[in-house]
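What follows is each chain in one-letter form.
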Amino acid sequence: MSFNKFYAEISTNWGSCMRLSDLRIAGNNITGSLPPEIGNVTQLCAIDLSSNGLVGEVPKEFGKLTSLVNLNLSRNRLSSQISPEIVSLPALQKLDLSRNRFSMSIPQTIGLSSNLVLLDLSNNQLSQDIPGQLGMLTHLSELDLSYNLLSGEIPAQFSKLQSLVKLDLSHNNLSGLIYKIFEGLPGLAEVDISHNEFEGPIPNTTAFQDATKEALQGNSGLCGNVEGLEPCNQAAVNRDKSPAGHRVFLIVFPLLGAVLLFVFIGIFFISRRKKFHPTAELAPKTTEVFSLSKYDGKILYEDIMEATGAFDEVYRIGREGYGSVFKAKLRSGDIVAVKKLHQTADTGQTDQREFLNEIRALTEIRHRNIVNLVGFCSHPQHSFLVYEYLDRGSLSTILSNEEEARELDWNKRVNIVKGMACALSYMHHDCNPPIVHRDISSNNILLDSEYEAHVSDFGTAKLLKLDTSNWSAVVGTYGYVAPELAYTMKVTEKCDVYSFGIVAIEVIKGRHPGDSISSLLGPVDMEISVVLKNILDSRLPTPTTDIEAELLTIFKLALACVSAHPQLRPSMEMISQVLSARSTIFHGVQNSQTATDPVRHAKASSRLLDQFAEDNV
């Protein structure tokens, strides 16, 4: 059931499917915790629940799955310590727990999973030493422990990993000498030990001698006759030098939708004595890499600069609240969108506040209707973020273009509103803490080639602290900002609800409804359905009966959303559920035996939104 739009929690009834061998529900919007009852299905060979919103611990009952060969729980929000029972399953060959929030140490019972071929624990918060028991995994061919908080030296037992082909230990706090440990691993073909504290000569093996400089950088004590490292006879001298050298180190961590990372950026060592040549400032001499996890590799800072012509206006495709957006075709042939932060007029440097704000927000969330951040770069003059490129551009641009607006038929417009509602419901109700966007507008709704909506521009987003008041300066786009912010400045989810209502009306009307929302209602005794027909975008043909019914539902919800009283506005969760229920009915579910509950739910929800609309009228 992978890669659909399933939501809510995993049913405990899966624990009754005693003959089930594979359970795959990856890439959905599943939330809640893992049911311990799944541990009763002892015939399970594979579980893939990756790329969802699961939280909590992995139940120790999973330790009863002695037939399990493949377990993939990556890209969720699972936390606490990795269960010792999980990493000791005897039949396990592939274990992927990456991009979660696991902390504390790697369990020493890892050595009991003697059949492991792949182990990926990257992008978590694991700390302490690497257990020597990893050396017992003699079948292991791929090991990824990158982007954690691991410390200490690499265990000597690593020399026993004779089957190891790919190793990634980058972005940790590991230290010590590595020469002897890896010298005896002839099968090792790919290695990344960057951004640690390793020292001494690198091994004289193919993996290290052919490694890119990006795979070795960030270890000030390493030496060797490869590009990016000092020869070993100069290493001691270099270690005695003052940290005020002639290099500027740029450290950039790769990021995805669905997980929270601790962001360590902006570490720059700049010599006070350094004087740049006037032309040198235009092209930074650093060759440190800019990593993009989406492409499973590294991309150089110079690649972005080259692809955008050093951010030439020719490549600019838009402008958001605090940056300009550029289209960049990379050397790999992939196309990405690059948002470069504006520089302040007085210092010529970028304001890092919005930059960090957007990173913090997007590391918390991963959703099909939220733009995907695939990397970022921090630099005093050139801070930028890199996203997936969405072909159609902004909703605002399309609606303002006569030809493109006609291509945006009623079906597409209904789906756009549903996508927005789904994304905001996820941010408000499935994220902890909840995230309020604060600048929902048609400019910040981007469309892909299939006209699927993606919420973008999280520079003003706020992570709500549930146990405190949330006060803030007024931000957002004129015409979309909730009226109460003018006098209370208290940020709540209902601010986004108001903005959603404005955009929903804009989608139906084909243009912004203007300053006075009340003008849409016409005479007090006029039916809402009549009002709807009066504001439908005249550039499109009259909608079918079914689509008109969906548009009426959206319009009623939108009117409730733009109430002057925040307490009268529905929640985004309620809005999303109403729209989903109506969608279920209109797409043929009413003909099946399973339609009873969705229909009843839709009717109940419809009565609720009618009451909201009536209150607003």
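Attention here is on the structure that accompanies the text. (Residues numbered from 1 in each chain as written. Predicted model: local features only at pLDDT ≥ 70, side-chain atom pairs only at ≥ 80, totals over all residues. Heavy atoms only, no water.)

What follows covers the overall build of the protein chain. Helix and strand counts for the protein chain stand at 13 helices and 30 strands. When burial is assessed residue by residue, the protein chain has 52% of its 617 residues classed as buried. Accessible surface, the protein chain as shown: approximately 27,600 Å² in total, 50% of it carbon and sulfur. (Helix = DSSP H or I, 4+ residues; strand = E, 2+ residues; numbered from the N terminus. Buried < 20%, exposed > 50% of the residue type's maximum accessible area, 1.4 Å probe, protein only. Areas by Shrake-Rupley, 256 points an atom, 1.4 Å probe, with all protein chains shown as cover.)

Pairing between the strands of a sheet is mediated by backbone hydrogen bonds and can be parallel or antiparallel. On the basis of which strands lie adjacent, the open sheet formed by eight strands has the order β2-β4-β6-β8-β10-β12-β14-β16 and parallel pairing. Where the open sheet ends on each side, the last strands, each with one partner, are β2 (22-24) and β16 (190-192). Adjacent strand axes in the sheet meet at a mean angle of 10° when their direction is disregarded. One ladder, built from three bridges, connects strand β4 (residues 46-48) with strand β6 (residues 70-72); its direction is parallel. Across the sheet, Asp48 pairs through a bridge with Asn72, a residue of β6. (Pairing = 2+ DSSP bridges. Axes fitted to C-alpha atoms, helices over the stretch in contact; angles between N-to-C directions.)

This brings us to the state of the cysteines. Following the criterion strictly, the structure yields one disulfide and no others. Linked covalently through their sulfurs, Cys223 and Cys232 form a disulfide whose S-S length is 2.4 Å. Handedness of the Cys223-Cys232 disulfide follows from its S-S torsion of about 90°: it is right-handed. What makes Cys223 buried here is its relative accessible area of 3%. Taking relative accessible area as the criterion, Cys232 reaches 38% and is therefore assigned partly exposed. (Disulfide = S-S within 2.5 Å.)

With that settled, the discussion passes to the nonpolar core. Of all hydrophobic cores here, the largest spans 69 residues; its most connected members are Leu395, Leu447, Phe500 and Ile575. In this structure Ile575 touches Ala421, Val497, Phe500, Leu557, Cys561 and Pro570, once residues within four positions along its chain are discounted. Counting 64 residues, the second largest nonpolar core, distinct from the first, contains Ile110, Leu119, Ile154 and Phe158. (Core = buried A, V, L, I, M, F, W, Y, C linked by side-chain atoms within 4.5 Å. Contact = heavy atoms within 4.5 Å.)

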